[in-house]
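An overview of the molecular structure
Chain by chain, the residues run as shown.
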Amino acid sequence: MRTHTCGELRPDHLGQKVTLAGWVRFSRDHGGVLFLDLADAYGTTQVVFDPEAMEDRAAVEGLESLFKTFGRESVISVHGIVRNRVEGTEDARNPTGQVEVFIETAELLNRSRPLPFEVAEQKGSLLPGEDLRLRYRYLDLRRTEMSNNLRFRHRVIAAARRYLDGAGFVEVETPTLTRSTPEGARDFIVPSRITPGSFYALPQSPQLYKQMLMVGGIDRYYQVARCFRDEDSRSDRQPEFTQLDVEMSFVDETDIQGLIERTLASMWKEIYGKELPIPFPRVTFYDAMHHYGTDAPDVRYGLELNDVTDIVERSNYEIFHRVLSKGGRVVCMNVKAEYTHATSADDTMVGRNEVDRLIEWAKGQGMGGLTWMRMIEGELTSNIVKYFPDDVRAGLIERLDAKEGDLLLFLAGSEIAALKAGGELRRKLARDLRLLEGKDHQFVWLVGCPLFQRDPLTGQLETFHHPFVRPDGCLGEGGDDTCMGGRSYDLVLDGSEIGSGSMRCHDPEVQRQVFRLLGMSDEKIESDFGFFLEALSYGAPPHGGIALGVDRLVSIMLGTESIREVIAFPKNKKFQGLMDRSPAPVEESRLAELQLLSLAGDEEE
RNA sequence: GCCCUGGUAGUGUAGCGGCCUAUCAUGAAGCCCUGUCGAGGCUCCGACUCGGGUUCAAAUCCCGACCAGGGCGCCA
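Conventions adopted
Residue numbering note: each chain is counted from 1, following its sequence as written. Lettering for chains starts from A, numbering for ligands starts from 1, and both go in the order in which the items are written. Only residues with pLDDT of at least 70 get local features here, since the model is predicted, and only at 80 or more are side-chain atom pairs given and counted; chain-wide, interface and lining totals rely on the full set of residues. Excluded from the side-chain calculation are hydrogens and water; included are all heavy atoms of the structure. Put simply, DSSP marks the helices as runs of H or I at least four residues long and the strands as runs of E at least two long, and each gets a number from the N terminus on. Partly exposed residues are those whose accessible area sits between 20% and 50% of the maximum for their type, while under 20% is buried and over 50% is exposed, using a 1.4 Å probe and protein chains only. Contact between two residues is taken to exist if any of their heavy atoms lie within 4.5 Å; hydrogens are not considered. Pairing of aromatic side chains here covers Phe, Tyr and the six-membered ring of Trp, requires ring centres within 6.5 Å, and sorts the geometry by plane angle: under 30 degrees stacked, over 60 edge-to-face, intermediate tilted. The rule for a charge over a ring is simple: NZ of Lys or CZ of Arg within 6 Å of the ring centre, and within 35 degrees of the ring normal. For two strands to be treated as a pair, DSSP must find no fewer than two bridges joining them. Note on geometry: axes are C-alpha line fits, over the in-contact stretch for helices, and angles between N-to-C directions span 0 to 180 degrees. In this description, the arc belongs to the directions extending from the helix axis to the C-beta atoms. Under this definition, polar contacts are N or O atom pairs within 3.5 Å; protein pairs additionally need one hydrogen-donor-capable and one acceptor-capable atom, and for neighbouring residues in sequence, both atoms have to be side-chain atoms. Segment limits for the domains were obtained from an automatic or database-derived domain assignment. Should an angle lie under 35 degrees it is considered roughly parallel, over 145 roughly antiparallel, and from 65 to 115 roughly perpendicular; all remaining angles are considered oblique. Ten residue types, Ala, Val, Leu, Ile, Met, Phe, Trp, Tyr, Cys and Pro, are classed as nonpolar, four, Asp, Glu, Lys and Arg, as charged, and the remainder, Gly among them, as polar. Criterion for a salt bridge: a side-chain nitrogen of Lys or Arg within 4 Å of a carboxyl oxygen of Asp or Glu. Grouping buried Ala, Val, Leu, Ile, Met, Phe, Trp, Tyr and Cys residues that are joined through side-chain atoms within 4.5 Å yields what is termed a nonpolar core.

Bringing the overall build of chain A into the picture now. Assigned secondary structure in chain A consists of 18 helices and 22 strands. Judged by the C-alpha coordinates and their principal axes, chain A covers about 95 × 75 × 60 Å. For chain A, the proportion of its 605 residues judged to be buried stands at 47%. Within chain A, counting contacts between residues at least 6 apart in sequence, those at least 24 apart form 68% of the total.

Let us look at helix 7 (residues 285-292). Those residues of helix 7 not exposed but buried are Phe285, Ala288, Met289, His290 and Tyr292. Summarising the contacts, the buried residues of helix 7 are in contact with strand 11 (282-284), strand 12 (305-307), helix 13 (415-432) and strand 17 (443-447). Once helix 7 finishes, Gly293 follows within two positions and takes phi at roughly 65 degrees, a positive value.

A complete count under the given rule lists 19 aromatic pairs for this structure. Seen in terms of ring centroids, Phe320 and Phe388 are 6.0 Å apart; in terms of plane orientation they differ by 85 degrees. Their pairing is edge-to-face. Note that Phe320 is positioned in helix 9 (residues 318-325) and Phe388 in the loop between strand 15 (379-381) and helix 12 (390-400), a separation of 68 residues in sequence. The burial state of Phe320 is the same as that of Phe388; both residues are buried. The ring of Tyr136 has Arg135 lying over it, and the distance from NZ or CZ to the ring centre is 4.5 Å.

Moving on, we come to the sheet that holds strand 2 (residues 34-40). Taken in spatial order, the five strands close into a barrel running 1-2-3-5-4, and their pairing is mixed. Adjacent strand axes in the sheet meet at a mean angle of 55 degrees when their direction is disregarded. Bridge count for strand 3 (residues 43-49) against strand 5 (residues 99-110) is two bridges, and the pairing is parallel. Counterpart to Val47 in the pairing with strand 5 is Val101. Where helix 1 (residues 57-67) meets the sheet, it contacts strand 2, strand 3 and strand 5, and its direction lies at approximately 65 degrees from that of strand 5.

Attention now goes to helix 14 (residues 508-517). Within helix 14 the residues assigned to the buried category are Pro508, Gln511, Val514 and Phe515. Summarising the axial view, the buried residues of helix 14 lie within an arc of 120 degrees, below the 170-degree limit, and thus occupy one face. On its buried side, helix 14 packs onto strand 18 (452-454) and helix 15 (522-536). Residue Asp507 occupies the N-cap position of helix 14, its side-chain oxygen lying 2.7 Å from the main-chain nitrogen of Glu509.

With that settled, consider the domain arrangement of chain A. For chain A, the assigned domains read domain 1 (11-110), domain 2 (147-282 + 444-588) and domain 3 (301-439). Computed over C-alpha atoms only, the centres of domain 2 and domain 3 are separated by 38 Å.

Further remarks concern the packing of helix 7 against helix 13. Remark: helix 7 packs on helix 13, axes separated minimally by 7 Å, with the N-to-C direction vectors making an angle of 70 degrees. Taken together, the axes of helix 7 and helix 13 lie roughly perpendicular to each other. Residues Met289, His290, His291 and Tyr292 of helix 7 touch helix 13, and the partners they reach there are Glu415, Ile416, Leu419, Gly423 and Arg426. Its residues assigned to classes, the contact of helix 7 with helix 13 shows four nonpolar, three polar and two charged.

All right, on to the pattern of salt bridges then. Under the criterion given, the structure shown has 45 salt bridges. Of the charged contacts, one joins Asp310 and Arg399 as a salt bridge, the two residues approaching to 2.8 Å between their closest N and O atoms. Taken together, the residues Asp310 in helix 8 (residues 309-312) and Arg399 in helix 12 connect sequence positions 89 residues apart. Residue class for Asp310 comes out partly exposed when judged on its relative accessible area of 37%. The network of salt bridges with common partners includes Arg133, Arg137, Asp140, Arg143, Glu145 and Glu565.

What follows is about the sheet that holds strand 12. Here five strands make up an open sheet; going across it, the order is 12-13-16-14-15 and the pairing antiparallel. The open sheet is flanked by strand 12 and strand 15, the only strands paired with a single partner. In this sheet, neighbouring strand axes are inclined to one another by 30 degrees on average, regardless of whether the strands run parallel or antiparallel. Here three bridges tie strand 14 (residues 371-376) to strand 15, and the two strands are oriented antiparallel to one another. Bridge assignment links Ile376 to a residue of strand 15, and that residue is Glu379. The strands that helix 11 (residues 352-364) touches are strand 14 and strand 16 (407-413); relative to strand 14, the one it contacts most, it runs at about 155 degrees.

The residue Asn572 is located in the loop between helix 16 (550-558) and helix 17 (588-593) in this model. Asn572 gets classed as buried once you look at its relative accessible area, which sits at 17%. A polar contact is formed between the side chain of Asn572 and the backbone nitrogen of Lys574, at a distance of 2.9 Å. Among all residues touching Asn572, those that are not within four sequence positions of it are Leu134, Ser233 and Leu578.

As a further point, take the nonpolar core. The nonpolar side chains of a soluble globular protein tend to be buried with one another. Residues Leu264, Met267, Phe443, Leu491 and Leu553 are the most contacted members of the largest nonpolar core, which totals 40 residues. Broken down by secondary-structure element, the contributors of at least two residues to this core are helix 4 (144-166), strand 10 (240-249), helix 6 (253-272), strand 17, strand 20 (488-493), strand 21 (496-503), strand 22 (543-549) and helix 16. It is helix 6 that provides the largest number of residues to this core, a total of eight residues. Once residues within four sequence positions are removed from consideration, Leu553 is found in contact with Val156, Leu264, Met267, Phe443, Leu493 and Ile498. Grouped together as the second largest cluster of nonpolar side chains are 25 residues, Leu409, Ala418, Leu425 and Ala430 included.

Okay, the pairing of strand 20 next. Of all the six residues making up strand 20, six are buried; the element is thus mostly covered by neighbouring parts of the structure. Neither face of strand 20 is left uncovered, since the one carrying Ser488, Asp490 and Val492 and the one carrying Tyr489, Leu491 and Leu493 both have all their residues buried. Sheet topology note: the strand 20/strand 21 ladder contains six bridges and is antiparallel. For Asp490, the partnering residue across the bridge sits in strand 21 and is Ser500. Between strand 20 and the antiparallel strand that follows it, strand 21, lie two residues; Asp494 among them carries a positive phi value of about 50 degrees.

Attention shifts here to the environment of Leu408. Counting through the fold element by element, Leu408 comes out in strand 16. In this structure Leu408 comes out as buried when scored by relative accessible area, which is 0%. Residues Leu408 and Met373, 35 residues apart in the sequence, show an inter-C-alpha distance of 5.1 Å. Once you skip the residues sitting within four places of it in the chain, Leu408 turns out to touch Cys332, Met333, Asn334, Thr371, Trp372, Met373, Leu380, Leu400 and Ala402.

Right, here's the structure in full:
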């Protein structure tokens, strides 16, 4: 159908008879000579209808009438000779811009209706609304940016596959129709026709299957796995998403972490041609929370938090005392002078007005407000500094390493609230002060997470990650099991969690103890996880693994605002497929055979 | 469930109580033009999300709904 692609022709091809096929992206009719930019996945080539240079008048008339009949984004093929462009009209921006194809014959392969939005990139023409892009995703994907995003994603996944294959990993597919288990996110439910009243769940992840592959002796498993979670979406969360899922037997956490580091390093080498420094730094959960105010720290810039409760409790500042009397904490951040004293009109300056705005912002974060002090002529100054005795001020200066011009910001509240607000403040300032411009990506491992946490409302013990994490010690041997650490590790990239993994409970008794601590009855354990515990009881090897969020990883590598930019056919915020208009009602007869008719009746009115 | 932001021609926007018969660009339709490459020139088409309210007067202010996005909760 074609002899070359639209990105292929060079001066080497001069004089050759070629056939190209593609979409008509632009056309320029000069009232005699007609230029078309013919585009396909590989590039754009200028093809020319030049009637004066043609001898066959019948052919001229045929082409003239043909070119009147279709518009932009119609699909045509042209046959003609590769020739040099007229001297001085070469297009240096286009790899094919030295040459053009002189059209001898052309064929309309398919016409396009007038477009709902412009596919061709144009200066100053902004993207249409996202709902329209999703409604006509196939047109959106024709845009170079989207096309590049999907091709980039492919290279990321291909690089991972290549590395893992070379390291002896076996890609195994696991079921999509699975059993619903009580733990974790809300399941998507699929009714069974053969067993009416019973349901499958779409997998939240292949967790149990990959562990049983380890029991089955696969030893090194991976999968580019589709996962489903019926929880509300975010810019980095979709109801269906893709994980690079890995599991290994006879390993400990350093083996898994090393493998992932090497996989990502080889990916970096292939894609960026750069060395990715490994090993990645480790940050403990405790340090992450106390210095970054989040379990997904972005370590590419400073502004770390410091707990100064022990210092400021010796002050006379009523606001702090009120918080401290309720068991709260005060955290402090030093915004260094180089950030606060930028050129005066610059929008990165943090002057008095900006501090006032930060105070308002802090109130919006659920804080009572925000307290500040500025280091001027060797002294901390502010409207409330009189409540802070000399030794308190000296203590603050020392702990925060305050230098001339530095701005100290204090947040007071319950420990978790103060730290989380501090973490948000860090992120906000990094954005406002443009601290991230030009920074390389930075991976870190988050380690030392607890095994359990308590629901702040119900007091119920919950897992910090999931119930299959191996405890970092022996359960039930005195001490408080609820304070047990877990042998887990999260991979964080630029302040986003992109992976989570752990050593697993391969001993069925340990696994059973974890379930019990979570408040599950023996009957419940047996009914929901009996099959799994049984598998562990037949010689399960010590094993562990990790899963990386492919959508997030690719999105961060490309710097896109949301993961929808790196997914071919994403859902909108309400989980609707705007292109195929899913979800959609089904016929009653189909509900009937699933014994779901009673639900259909609720649709009335 | 809650909070925030936004809904103006096919698309992207301006306007934010009377200068609105609503701006500009792009697009579509048509005409002109032989070297452009986001071609150019001319003509023409086309919109205030919906429902209440305030007002002499509403695209503009208020209330509610709907739609979209961001966030909180949620996401083991």
